[in-house]
Amino acid sequence: MRIAIISDIHGNLEALQAVLKEIENQKVDRVNCLGDVIGYGCNPVACLDLVNQHCSAKLMGNHEYAAIGLLPLEAMNLAAQQSIQWTIAQLKDRELAMIADFEMKTEDAGSLMVHASPEEPDEWHYVLSQQEAIKGFAHLDQKLAFHGHTHLPLIFCQAPNGNVRTIVGHDFDPDEESSYLINVGSVGQPRDNDPRASFVVYDVGEMSISYHRVEYDFKITQAKMCKADMPSMLIDRLEVGR
Amino acid sequence: MAEIIVKFEDKIIERVVTEKKRISIGRTNENDIVLENRGVSRKHAMIEFNNNAAIIMDNESLNGTFVNQRKISEEVLRNEDTITIGKYTMIYHTETSASDDGAADMDGTMVLNTKKQKNLLENDRVERQIVAKFGGSVLTGEENADFAEYRLDREVTTIGKAKFVHVRAKGFFMSGIQAKIVRENNGFYLANLGKSGKTKVNGESIDRAILKNGDLIQVGKSTYKFVEGEK
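The model shown is predicted, which means the values in this text are computed figures rather than measured ones. (Residues numbered from 1 in each chain as written. Chains lettered and ligands numbered in written order. Predicted model: local features only at pLDDT ≥ 70, side-chain atom pairs only at ≥ 80, totals over all residues.)

Quick word on the overall build of chain A
What chain A contains, in helices and strands, is 8 helices and 11 strands. Relative to a compact globule of 242 residues, whose C-alpha radius of gyration would be 18 Å, chain A shows 17 Å and is just as compact. Its C-alpha atoms give chain A principal-axis dimensions of about 50 × 40 × 30 Å. Considering chain A as a whole, with its 242 residues, one finds that 49% of them fall into the buried category. A separation threshold of at least 6 residues defines the contact pool for chain A, and within that pool the share at least 24 residues apart is 70%. (Helix = DSSP H or I, 4+ residues; strand = E, 2+ residues; numbered from the N terminus. Rg over C-alpha atoms; globule rule 2.2 N^0.38 Å. Buried ≥ 20, exposed ≤ 12 C-beta atoms within 10 Å, placed from the backbone. Contact = placed C-beta atoms within 7 Å.)

So, in structure tokens, the structure goes:
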């Protein structure tokens, strides 16, 4: 069984379409989405529709949480605030109801799926350091967890002695002794100096993880964002991927 | 001479006959008609008698004054109009029904200590105790609730069937997060987030509603009562 895992689409329709097309080539059994379908980009509704259509598990991200009024906007940086306010104005009852059905975490094929961290999923911790990863592992009952949120495709690996290593995302076969916290990267706003959209395929039978990067026409996305008067920082970063 | 019959949950508890130009209605003792209930403001409403007309005016009360189930701010009263304030109803009569029958009726209905009446007052007392203990507003579990009381001590309280919400409601046909209760301006409002029609206040579907003391919130198969705290 093969499961594609996507995250942090952020209203970027062009990136999502490109990723879904590549996922078709990957012959997967299902697609799971780890949240932040909206925010930043200009196509929140179209992205929600595609996710609803293609994804089995649909998880809550902090941008969804903010959009339905469960996270104070002040908790976000200024560019995020500005874009989420724009996004909220695009969402109708139908989309809000869709979001209201997103889960906070889910288990699939023996792995945990969550947007931010296994530790307090609705506190939206950023797992960027080994200390944060150790806290995450402490709340993990499974050997494998997939997450997003930081937009960085990183793998945290905890050895049986508790030590944690940080590895840049790459194709690998998890060994049975270690635990893994696998960040699948971002579809719609990568931040690892690679502008290509990121997603992961988890092959359960083969017990292997593969990272995939997909090119898309970010010029179209940028043009839409210019038209919507989004902060230039959000527009520029799509080109450089950071 | 005008007459006002005061009822508490269908039991007549007072008959007011007055020649005054103006009578006041409220929770505190200085009012002409004292309605002792948490849903009633201190100076809730006023009725002015002018020639043969009677005009009821709501005194910007928190929970409102209703005439024939319609919320009013100012309204001319007609014979047999029903005024609702909190858990009380009042029937307005342009003429006194001072027949012998009426008097006999009154004798029979002036008895307050019926079992139901006691229960109502007891419930009100329990709610007051809950609020006094906590200070803030609470939800009490009325039907299919997994708590007796839930303190609304956060800015946003989520209700739904998802595992991660604060208040887990019973029932299948609702969203993960069906509704939220949000603190705003010294009070709370309830907003529907999930499937439409699955969040109700006092039996009516809502998108968003300011919560008033005693409101019954229905989400899925669960019912909670909003008990307002001290302000």
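So, the confidence of the model for chain B
All names here are of chain B. Here chain B averages 84 in pLDDT, and 88% of its residues register 70 or above. Note that pLDDT drops below 50 for residues 99-114; the model gives that stretch 9 contacts with residues more than four away or on any other chain. Predicted as a complex, the structure gets a pTM of 0.71 and an ipTM equal to 0.78. (pLDDT = per-residue confidence, 0-100.)

Digging into the sheet that holds strand β11 (residues 208-214) of chain A
What holds strands together in a sheet is hydrogen bonding between their backbones, with the strands either parallel or antiparallel. All names here are of chain A. Read from one edge to the other, the open sheet built from 5 strands follows the order β3-β2-β1-β10-β11, with strand pairing classed as mixed. Because the sheet does not close on itself, it has two edges, and the strands there are β3 (55-58) and β11. In this sheet, adjacent strand axes meet at a mean angle of 25° when their direction is disregarded. Alignment of strand β1 (residues 2-6) against strand β10 (residues 197-203), held across 4 bridges, turns out to be antiparallel. Residue pairing across strands places R2 opposite D203, the latter belonging to β10. (Pairing = 2+ DSSP bridges. Axes fitted to C-alpha atoms, helices over the stretch in contact; angles between N-to-C directions.)

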